Amino acid sequence: QKEVEQDPGPLSVPEGAIVSLNCTYSNSAFQYFMWYRQYSRKGPELLMYTYSSGNKEDGRFTAQVDKSSKYISLFIRDSQPSDSATYLCAAMDTGRRALTFGSGTRLQVQP
Amino acid sequence: DGGITQSPKYLFRKEGQNVTLSCEQNLNHDAMYWYRQDPGQGLRLIYYSQIVNDFQKGDIAEGYSVSREKKESFPLTVTSAQKNPTAFYLCASSGTGTGGHEQFFGPGTRLTVL
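**Some words on the overall build of chain B**
When helices and strands are tallied, chain B shows zero helices and 11 strands. Secondary structure elements of chain B occur, N-terminal to C-terminal, as β-β-β-β-β-β-β-β-β-β-β. The globule rule puts the C-alpha radius of gyration for 114 residues at 13 Å, and the 13 Å found for chain B is close to it. Along the longest, intermediate and shortest principal axes, the C-alpha atoms of chain B span 45 × 25 × 25 Å.

Encoded structure:
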């Protein structure tokens, strides 16, 4: 079993929809959680960074972490065609300080 | 502009050759990382370095080597011992200490073995 599991999609939604992206993880030592957006053939771009449980909002993006169920979510409001990309969740424990990634979810926002 | 640069963008290697991928950062970050990404997969950790002259193996270090002689530079050598080196290679950096857990990535190098 992989330490971070993520549905690969693809997920196709109409423009303006609310998108929900999710990951589960198995390592209880993970304390830091990140979401990256990756366009085709580009490096990942950091979208959201969360420590421990709770919510964090930045513009149209909201990240949620529920450590009791080991569940990580990213919500995108008012989705745009420019949001079409692969979204990667990642987690880190304080010991190793290196990220463990999910496999990524490919999102298509249809105009 | 602060950031991470990787070169070359594309690299072609013949079987049996060693190649070195460059990664430079001007973010004054202490920690640097190398990841590998295969099609449809997430990133897997090859090597990481928390400080100059020190580095640790990641999950898939076999067939790779690194050095960290300068804070801003962390080159990766893909040796002939790496059985399946064709992949997208990504370098990242972050701060250290109580904060600075966010990792920032470079644009990547796409390596193809001919």
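From this point on, the discussion continues.
**Here we look at the overall build of chain A**
Of the regular secondary structure elements, chain A holds zero helices and 11 strands. Going residue by residue from the N terminus, the α and β elements of chain A occur as β-β-β-β-β-β-β-β-β-β-β. Considered along the principal axes of its C-alpha atoms, chain A spans approximately 45 × 30 × 20 Å. Residues counted as buried form 47% of the 111 residues belonging to chain A.

**Digging into the nonpolar core**
Residues and elements named next belong to chain A. Counting residues in each nonpolar core, the largest one holds 24 residues, and the members touching the most others are Trp-35, Leu-74, Ile-76 and Tyr-87. Contributing elements (two or more residues each) for this core: strand 3 (19-25), strand 4 (30-38), strand 5 (45-51), strand 7 (61-66), strand 8 (71-76), strand 9 (85-93) and strand 11 (105-110). Ignoring any residue separated from it by four or fewer positions in sequence, one finds Leu-74 in contact with Val-19, Ser-20, Leu-21, Trp-35, Leu-47, Met-48, Phe-61, Thr-62, Ala-63 and Tyr-87.

**Things to note about the state of the cysteines**
Residues and elements named next belong to chain A. Applying the stated criterion across every chain yields a total of two disulfides over all chains. Two residues, Cys-23 and Cys-89, share a disulfide whose sulfurs are 1.9 Å apart. Handedness of the Cys-23-Cys-89 disulfide follows from its S-S torsion of about -105°: it is left-handed. A residue pair is termed long-range when its members are at least 10 positions apart, and Cys-23 in strand 3 and Cys-89 in strand 9 qualify at 66 residues.

**A closer look at the packing of aromatic side chains**
Considering all chains together, one arrives at 13 aromatic pairs over all chains under this definition. Between A:Tyr36 and A:Phe101, the ring centres sit 5.8 Å apart and the planes meet at 45°, which makes this aromatic pair tilted. Placement of the pair is A:Tyr36 in strand 4 and A:Phe101 in strand 10 (residues 100-101), with a sequence separation of 65 residues. Judged by relative accessible area, which is 0%, A:Tyr36 ranks as buried. For A:Phe101, a relative accessible area of 5% translates into the label buried. When the ring of B:Tyr64 is compared with that of B:Tyr89, the centres are 5.9 Å apart and the planes differ by 65°; the resulting orientation is edge-to-face. Of this pair, B:Tyr64 sits in strand 7 (residues 64-66) while B:Tyr89 sits in strand 9 (residues 87-94); the two residues are 25 residues apart in sequence, bridging distant segments of the chain. The residues B:Tyr64 and B:Tyr89 share a single accessibility class, namely buried. In textbook terms, an aromatic cluster arises when at least three aromatic residues are bridged by ring pairs, as seen for A:Tyr36, A:Phe101, B:Tyr33, B:Tyr35, B:Tyr48 and B:Phe105.

What counts, and at which threshold
Each residue is numbered by its place in its chain's sequence as written, counting from 1. Following the order in which they are written, the chains are lettered starting with A and the ligands numbered starting with 1. Only residues with pLDDT of 70 or above have their local features reported here, since the model is predicted, and side-chain atom pairs are shown and tallied only from 80 upward, although totals for entire chains, interfaces and linings are computed over all residues. Water and hydrogen atoms were dropped before computing side-chain values, which therefore reflect all heavy atoms in the structure. Put simply, DSSP marks the helices as runs of H or I at least four residues long and the strands as runs of E at least two long, and each gets a number from the N terminus on. The atom set for the radius of gyration is the C-alpha atoms, and the globule formula is 2.2 Å times the number of residues raised to the power 0.38. Only protein chains enter the accessibility calculation, which uses a 1.4 Å probe; a residue whose area is less than 20% of its type maximum is buried, one above 50% is exposed, and one in between is partly exposed. Residues belong to one nonpolar core when they are buried, are Ala, Val, Leu, Ile, Met, Phe, Trp, Tyr or Cys, and are joined through side-chain atoms within 4.5 Å. Two residues form a contact once any of their heavy atoms are found within 4.5 Å. Disulfides are defined as pairs of cysteine sulfur atoms found within 2.5 Å of each other. For Phe, Tyr and Trp, rings pair up if their centres lie within 6.5 Å, where Trp contributes its six-membered ring, and each pair is then called stacked (planes under 30 degrees apart), edge-to-face (over 60) or tilted (otherwise).

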